[in-house]
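Spelled out from the first residue to the last, the chains are:
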Amino acid sequence: MIFAGMPFDRWFKISLSLLALDAAAGLLATSFLSFPVFAIMASVLLLEGWTDSGHLRIARRLEPLMPAGFLLFLFLDYLFLRSLSAALTRLFLAFLVYKLLDLSTHRDILWVYLFTFILLFVTATQTTSPVFLGVFVGYVALGTWSWILFHLKRETETALPGRGTAALTENRLITPRFMLCSLGLALGCLSVTLGLFFMIPRVDLASLNQITQHSIPASGYANRTSLQGLGVIELDPTVVMRVAFPNGSPPQEHFNLRWRGTSLDAFDGQAWFQGTLTRPVLERDGRDFVFAQPMTGQPLFVQEISLEPLSGRQLFAAPTLLRLQGPFPALHFDSGDGIVVPAKIDRPLRYVAVSDLGPPRPERLGAGDGLIAPKISERYLALPAVSSRVKALAREITEAAPTPYAAALLIEGYLKTQFLYRLGVTPTPGADPLEDFLFTQKQGHCEYFAGSMAVLLRTLGIPSRVATGFQKGEWNNIGRFYTVRQRDAHAWVEAYFPESGWVSFDPSARAEGRAASRDGWTARAVEAFRLRWTRYVIQYNVGDQIGMATSIRNKLQEGFSWLARGWNRLASGTSGPPRELAEFVTICMAGLGLIVWLSIQRVIPARLFFRRGRPRSPVVFYERMLRLLTHRGYIRPVNSTAREFSSSLAEHPVHEPVAEITALYERVRFGRELLSQADERRAVELLGTLRSVTRRAAGRMAGRR
Amino acid sequence: MGITCAFGFAALIARANLLYLILAMMLSFLLCSGALPSLTLRRLSIRRIMPTRVYAGKPAPYLFVIRNARRVVPSYTLSVVPPTLGEETAGRHFLLKLSAGESVNIEHSLTIKRRGLHHLPAVSVSTSFPFGLFTKRCCPTPDGPILVLPAIRRITAPELSALAVTWERVGARRDRSSDLYNLRDYRDGDDPRFMHWKTSARVGSLMLREPETENHPKISVVVEDPIPGTSSGLVEANISLAASLAVHAVQRGWEVQLVLADSRTKLGSDEPHLDRILEQLALYEPPANPRPLPLVNTAGAIRIKLDDSCPLRRDPT
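The model shown is predicted, which means the values in this text are computed figures rather than measured ones.

1. Side note on the interface of chain A and chain B
By convention, interface size is frequently given as the accessible area that disappears when the constituent parts associate.
And step 1. With 63 residues of chain A in contact, the opposing surface of chain B contributes 48 residues.
And step 2. Viewed at the interface, chain B and chain A are joined by 0 salt bridges.
And step 3. Between chain A and chain B we count 10 residue pairs in polar contact (both at pLDDT 80 or more) in total.
And step 4. Those elements giving two or more residues to the side of chain A that touches chain B turn out to be α6 (106-126), α7 (131-159), α8 (164-170), α9 (176-199), α15 (521-538), α18 (618-631), α19 (642-648) and α21 (677-704) of chain A.
And step 5. When residues in the side of chain A that touches chain B are grouped by element, the largest group, 13 residues, is from α7 of chain A.
And step 6. Residue composition of the side of chain A that touches chain B, grouped by class: 34 nonpolar, 18 polar and 11 charged.

Following this line, the structure appears as C-alpha cells:
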C-alpha cells in the first residue's frame, strides 16, 4: 500500500532528508553538533518530507535577507564557540536545512548533495571513531537510492516538460523490487569501495592518523609516585591500549604478564621518582629499534600494541624488551630504561614489540662474586635515612636466604602473604609512610607494596627500582587481544643481580589481571571491532599493502601448486591422500558446473567453451538461409510461406539455391523425412553458393552506384 | 571527475585513511556509472516493421518494436533516436521504464526521396541510468536495406488516349471464370468441379460446364536507356511513369511485362509479379551508353524513352 500510494516526489524528498540526517549524524561523533540540535533538525526535515506541506519553507519575501542572516549566524557562532571550523560546519548545516525546505529547481537538489558531502568530509577529518563506518555505509546506501531517484526525476522532467511529475507517479516506479535493486546497487558500490580503499596506493610507511583532541591523562604510571595516597590508581575504565599477538596467543604460563613503561629509581622518604633524565638515542637496525639481545634462550614474544593517545611520551611492552618496530622517526631511553617518543602521543599509535619473557637462568642467579658495577650501586642502592625497624625487618625476613635472589623472593612472598591489597587507605597522620605501611596499616595499593619492597631490598644491598606500567588487562576472546585500561595501572619491583640483569618481582597481593573480560559479549564484540577498525582502516599504510600483496601472491602460488599436484596425480594414476584428491576433483567439478551454469544463463558465451557441431536439422539450414538473405536485402514477409518466398525470388540470381533449400526444408519439415548425410552436405554447399551469389550481386550493385 | 581528482590530491596530502575511504567511494560511483548503463542496454532488441511497399517521395510509416529480453531487470530512462536520412531531423522518444519482457511500439515516419536500395542507419538507444554521470549509447544491428520503389502517380486520361489502350472484348474463350459459356459432354481429364449435375441428371450422361473468360490485354512496358547527359529528374519522372503504368495495368487485371535492355520479366497480372516489376525499376541504373533493346514479340508494347519529355509511344506492332 505504501509503495502504491505515495507520489514519487515525496519518496524523493524523504530520501534526500534521510541522506542529510545521516551526514549530520556523523557530526554527533565530533563536537560540532549536539544531540538536541540534531533531534530538532531531524523532526523538521522528516515532518516536511512526509507531509510535503511547504509550511516550513522560508517566505519568499524574506529570501533576500538570507545571505545576511547566514553571515550573522556564522559570526555569532564563532563568537560563542571560538572555533572557526565548527562554526563553518554548522553554517553548512544551516544551508542544508534551508535548501531542503525549498527544493524548487534541480540546482537546489545538487546543492543539497554538495552540502551533505561536505558534512561527510568534515566528519572524516574530525573523528576516527568506528561510528564513522555506520555513517559512511548509511551515506552510500541512501546516496545511491536518492541519486537514482534524482536521475529519474531529472531525465523525465527534461524529456517531458510539464508532464514529468505525473509520468513519474503513473509509472509506479517505487516498488519493493526497485528498493531491493537500489540496495543491491549500494552494496555493490560498497564492495567496490572497500576493494579500492585497500588498493589505492599509500605514499608513506606511517599513515598520518587524525590528531585527536582527547588525550588520555597519564595515570597509574608516572615519573613520580608517592606513598601517601598521591598517584592513586583511578578506577577508570578508559582503554589505554590493546595488545594482540601476531604469532598466536600468549603462553598460558605467562599469567604474570605486564606492560612495562618506565621505572623510578630515587626515593626521598616520601615518594619514588626518576633521577637524572637523559635522552640517549636508540640504535636502529633497519626498520627495528634494538634495545637488547636475547639472554634466556626462550622463544621470543611478539606483541602488536595499539596505543591510544596519551598525555605522555611513554611506550609500553612486556619486559624484557628486545626490539621495537613502528612509525617513529626516533626513540629515546629515559633514565628508568623506559622508551619514549620525541613528541607527545596525540594520535593512536601502533607498533610491534619483541620481548624475552623467559625467566632468568637459575645457574646465573645468585652466582658469581656479587660485585655490582658502581654506576648501578650508586643509583639503585641510594636511600635516605631509613629507620632501624625497617632494616631489621628486612634482615628478619631474609635471614634464611642463601642468595640475594632468594632474599628477594622471600621479601616478595612476605609482602604478598602478610599484607592486604586495598585502595583508598587513609594513612596514619604524622607517621612515616613506609613504616606506617609496613608496621601499622599492613594494607595499601600496589605502589605501597612495590615501594616498600624496593626499600627493603636496598637496605640489604640489592639494587632495586620501582617499575610502573600496566597489568595485562582483560582478554577479549572474540578479537583475541588484551584490553588494557587505566584501572590496570600497576607498579612492581625490579631487582638487579650481577650476571642476570634486572629481574621483576611483584609483591602486590592484587589479583593478577583479569584473565577473562568482565564485559558482556556485545561489549567485547564492539571492542574487537574497534581494534580492527583502528588497525585496518585508520592505521592502514603502505606496509600493510605490501604485506597483503605478498600474502595474495603466496596464496595464489600455493593454489596453483596444489592444482598442479592434483592434476599430476590424476594424470599419472598414482594414489595420494584420498582427501586431497577428493578436494581436487570436487573443485574441478564445481568449476565446470559453474561454467555450464553461466553459459546457460548467457553470462558468458557458450561458444567459448563448447564448440557447436555442424547443425543436423534442416530447419537450421533454412534459418541460416533466411538470415543470409535478410542481410542482403531479401526479406521474407511474415505472411509469406516458404514456397511463396522462393517463388518471389524467381527473377533474382539467388533463386536456384533458394528453391533447392526450400524444397529440402519442405521435404524434411512437412514430409517427415530424415536428413541424410548427403542432403546435409548438399545444404552446406547450397549455402556456400548462396553466399557467393549474394556477395557478387551486392558487389555489382555497389559498382553501379 | 574534477572533484574526485581534487579530493584524491587532498587525501594524498593529508594521508588520512578516512579521506581515502571517501575517495574510494567516489571512484566506485564513477566506475558503477560507467558500467551500469551498458548493463541497462544489454539484451534490448529493436525490430523495425516497414510497410510492404515504400515509394519514393511518399511518407512511409513504420514501427519500432523495442523489447527488453531480460527476465527480471527493467531498463530505465531510454532515449530512442530513430534513423534519419539527409537533412531530416530526428525525433527523440523517451521511455521512462521498460519492464522485463515488455515490448514497446514506437511509430515513426520516413520519407525517402529517391528510389533504390537504401541502408538506413541503426536506431540509437542511449541511457545514463542510474546516476546520470555517463551516457552509453548502443546501436543494435541495423536491419537490412530498404528497397524504395519508384513514385507512383495516376495515369491521366490523355495519357491513356495517347497510348490508345482500350479494353475490347475480343471474344470469350474457354476458361475457368464463373459465367457459363457452353455445356458439353464430360471427357476424361476434365475438372469434375465443373460438372453440371442438373443437366447431367436430365440428360442421363455427364455434362461439363464451360465458363466464359475475360479478355486480358497484354502490355509490354519497354524502357529505353537514356542518352548520356539526360537530367536525372527527367529520367526519374519517366521511370515513375513506367511504374505507374505497370500498377495501373495490374490493377485492371492486365498482364504486364517489363522489358529492359538487360532483362525482361514474364507476363503476369498478380501482385508478386508487380512487385518484381517495381523492384527492377527501383534498381534500374542508366548505363553510360544506351543499350539496344531486345525484340518484343507481344502486341501492344509501350515504349518509354527515359530521355524524352514526352516518353509515351505505342509500338506500332
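There's more to say after this.
2. A look at the pattern of salt bridges
All names here are of chain A.
And step 1. All chains considered together, the criterion is met by 29 salt bridges over all chains.
And step 2. Close ionic contact of D544 with R350 constitutes a salt bridge, the shortest N to O distance being 3.5 Å. Taken as a pair, D544 in helix α16 (residues 542-572) and R350 in strand β12 (residues 349-355) lie far apart in primary sequence, 194 residues in all. The residues D544 and R350 share a single accessibility class, namely buried.
And step 3. Residues R682 and E685 are paired through a salt bridge, measuring 3.2 Å at the closest nitrogen-oxygen approach. Taken together, the positions of R682 and E685, both in helix α21 and 3 residues apart, correspond to about one turn of that helix.
And step 4. Among the charged side chains, a salt-bridge network with shared partners connects R260, D337, R465 and E494.

3. Regarding the side chain of T77 of chain B
And step 1. Looking at the element boundaries, T77 of chain B is found in strand β4 (residues 75-81).
And step 2. Using a relative accessible area of 2% as the deciding quantity, one classes T77 of chain B as buried.
And step 3. Setting aside residues up to four positions removed in sequence, T77 of chain B forms contacts with H151, L152 and E155 of chain A together with F94, L95, L96, S126, T127 and F129 of chain B.

4. Here's the deal with the pairing of strand β6 (residues 103-110) of chain B
All names here are of chain B.
And step 1. With burial as the criterion, only one face of β6 is covered, namely that bearing V104, I106, H108 and L110; the residues S103, N105, E107 and S109 on the opposite face remain uncovered.
And step 2. In this structure, strand β3 (residues 60-68) lies alongside β6, joined through 8 bridges in antiparallel fashion. Each bridged residue has a counterpart across the sheet, and for F64 the counterpart in β6 is I106.

5. A short note on the packing of aromatic side chains
Residue and element names in this part refer to chain A.
And step 1. A full pass over the atoms with the stated rule returns 40 aromatic pairs over all chains.
And step 2. Residues F92 and F115 carry aromatic rings whose centres are separated by 5.9 Å and whose planes lie at 40° to one another, so their mutual orientation is tilted. A residue pair is termed long-range when its members are at least 10 positions apart, and F92 in helix α5 (residues 84-100) and F115 in helix α6 qualify at 23 residues.
And step 3. Residue F115 is classed as buried on the basis of its relative accessible area of 7%.

6. Focus: the pairing of strand β17 (residues 481-485) of chain A
All names here are of chain A.
And step 1. β17 sits mainly inside the fold: 5 of its 5 residues count as buried.
And step 2. Because side chains alternate across β17, one face comprises the buried residues F481, T483 and R485, and the other comprises Y482 and V484, equally buried.
And step 3. Examined bridge by bridge, strand β2 (residues 239-244) and β17 share 5 bridges and lie antiparallel to one another. Pairing of A244 across the sheet is with F481, part of β17.

7. A word on the sheet that holds strand β7 (residues 116-118) of chain B
Residues and elements named next belong to chain B.
And step 1. With mixed pairing, 3 strands are arranged side by side in an open sheet as β2-β10-β7. The open sheet is flanked by β2 (54-55) and β7, the only strands paired with a single partner.
And step 2. When β2 meets strand β10 (residues 146-149), the two strands line up parallel, connected through 2 bridges. Bridged to Y55 within β10 is L149.
And step 3. Strands in contact with helix α6 (residues 271-283) are β2, β7 and β10; relative to β10, the strand with the most contacts, it is inclined by about 95°.

8. Here we look at the environment of M179 of chain A
All names here are of chain A.
And step 1. Along the chain, the position of M179 falls in helix α9.
And step 2. On the basis of relative accessible area, M179 is assigned to the partly exposed category, the value being 23%.
And step 3. A sequence separation of 34 residues divides M179 from W145, and the C-alpha atoms of the two residues are 7.7 Å apart.

9. A look at the packing of helix α2 (residues 8-28) of chain A against α5 of chain A
All names here are of chain A.
And step 1. Axis separation between α2 and α5 bottoms out at 11 Å; the angle between their running directions is 165°. What the angle tells us is that α2 and α5 run roughly antiparallel. Of the two elements, α2 crosses α5, and the hand of that crossing is left-handed. Residues L16, S17, A20, A24 and L27 of α2 form the contact with α5, whose participating residues are T89, L93, L96 and L100.
And step 2. Of the residues assigned to the contact of α2 with α5, the class counts are 7 nonpolar, 2 polar and no charged.

Criteria and thresholds
Residues numbered from 1 in each chain as written. Chains lettered and ligands numbered in written order. Predicted model: local features only at pLDDT ≥ 70, side-chain atom pairs only at ≥ 80, totals over all residues. Heavy atoms only, no water. Contact = heavy atoms within 4.5 Å. Salt bridge = Lys/Arg side-chain N within 4 Å of Asp/Glu carboxyl O. Polar contact = N/O pair within 3.5 Å; in protein donor to acceptor, adjacent residues only side chain to side chain. Helix = DSSP H or I, 4+ residues; strand = E, 2+ residues; numbered from the N terminus. Nonpolar A, V, L, I, M, F, W, Y, C, P; charged D, E, K, R; others polar. Buried < 20%, exposed > 50% of the residue type's maximum accessible area, 1.4 Å probe, protein only. Pairing = 2+ DSSP bridges. Phe/Tyr/Trp six-rings, centres within 6.5 Å; stacked < 30°, edge-to-face > 60°. Axes fitted to C-alpha atoms, helices over the stretch in contact; angles between N-to-C directions. Parallel < 35°, antiparallel > 145°, perpendicular 65-115°, else oblique. Left-handed = near helix turned anticlockwise from the far one by under 90°.

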